[in-house]
Amino acid sequence: MLRIASLDVAYGGLRALDGVSIEVAHGQFVAVVGPNGAGKTTLFRAISGTVTPAGGTIHYDGHDLLAVPAARRPHLGIAHVPEGRQVFPSMTVLENLELGAYTEAGRARWRESLDLVLQLFPVLGARRGQLAGTLSGGEQQMLAIGRGLASAPKLLMLDEPSMGLAPAVADTIFDRIQQIHHEHGVAVLLVEQRVAEALESCDRGYVLETGRIVMQGNHDALIADDRVKKAYLGL
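In the nomenclature of an unreviewed UniProt entry, the protein is known as ABC transporter ATP-binding protein of Vineibacter terrae. The UniProt entry for the protein carries the following comment under Sequence similarities (unreviewed entry): "Belongs to the ABC transporter superfamily."

### Topic: the domain arrangement of the protein
Per the domain assignment, the segments making up the protein are domain 1 (1-77 + 154-172 + 191-234) and domain 2 (83-151). The gap between the C-alpha centroids of domain 1 and domain 2 is 24 Å. Contacts between the two partners involve 14 residues from domain 1, matched on the other side by 12 residues from domain 2. Summed over both sides, the interface between domain 1 and domain 2 buries roughly 1100 Å², with carbon and sulfur atoms accounting for 60% of that surface. When the buried surface of domain 1 facing domain 2 is broken down by residue, His75, Leu156 and Met163 rank first, second and third, together holding 38% of it.

### Notes on the nonpolar core
One broad trend across soluble globular proteins is that nonpolar side chains are buried collectively. Core analysis: the biggest nonpolar cluster contains 44 residues, and Leu124, Leu143, Ile145, Leu156 and Leu158 have the highest contact counts within it. Among the elements that take part in this core, helix H4 (residues 110-120) stands out by supplying 6 residues, more than any other. Three or more residues apiece are contributed to this core by two domains, here domain 1 (1-77 + 154-172 + 191-234) and domain 2 (83-151). Aside from chain neighbours lying at most four places away, what touches Leu124 is Val93, Val117, Leu118, Glu139, Met142 and Leu143. Ile4, Leu7, Leu76 and Leu208 belong to the second-largest nonpolar core, a separate cluster that totals 30 residues.

### Structural notes on H4
Buried within H4 we find Trp110, Ser113, Leu114, Leu116, Val117, Leu118 and Leu120. Residues of H4 that are buried sit in contact with helix H2 (93-100), helix H3 (104-108), helix H5 (122-126), helix H6 (137-149) and helix H7 (167-184).

Parameters and conventions
- Residues numbered from 1 in each chain as written.
- Predicted model: local features only at pLDDT ≥ 70, side-chain atom pairs only at ≥ 80, totals over all residues.
- Heavy atoms only, no water.
- UniProt positions renumbered as here; feature names shortened; annotations may be inferred.
- Domains from an automatic or database assignment.
- Contact = heavy atoms within 4.5 Å.
- Buried area = accessible area lost by both parts, 1.4 Å probe.
- Core = buried A, V, L, I, M, F, W, Y, C linked by side-chain atoms within 4.5 Å.
- Buried < 20%, exposed > 50% of the residue type's maximum accessible area, 1.4 Å probe, protein only.
- Helix = DSSP H or I, 4+ residues; strand = E, 2+ residues; numbered from the N terminus.

Okay, here's the thing in structure tokens:
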């Protein structure tokens, strides 16, 4: 589905990504973990088209993604849920979800997608007329994920969905992400600092440090790796 090969991204002469190669198969859950400043968010921005790579290739579902304008990429089935939630605070919950459904598939499947979002996050149904800026941090994260799902994506990209959330709320978010993957067949590409939860959930994981992939494998292999245990799991 998604194949990234030898991707390079530089800002002002500093290389944020250096030869990064990642693959996500149809229906697969892939996690990219690593410390702050490793280049995880830059990777997502390159896929979404908000930064231009200096080298490498990105292919998605038969398309050369680097030849597709950023505004067109969501219509191919890519939903990017950004770091920090970035809901529209002066719009209602329902209006935020409706904005997510602006893609061709989102418009065609709006009722189905809305039912899915409200099933996953019932609190959004109870707050559908409430301004998004008045929601709690956890509710805003639920809304951001719901807005992504409203586009009826094939690939859901989640950038640090647990950031700033209480542990119990973050656990709920992870549970819902797994439900989206297992029950609804959506491929998930997750960037996350909560390494244990991310690797436990994923089919395959990559460890990104200072712009380079330093380890990769299925979740069992990565969790058993001594370097991962020491650096990220505190074992």
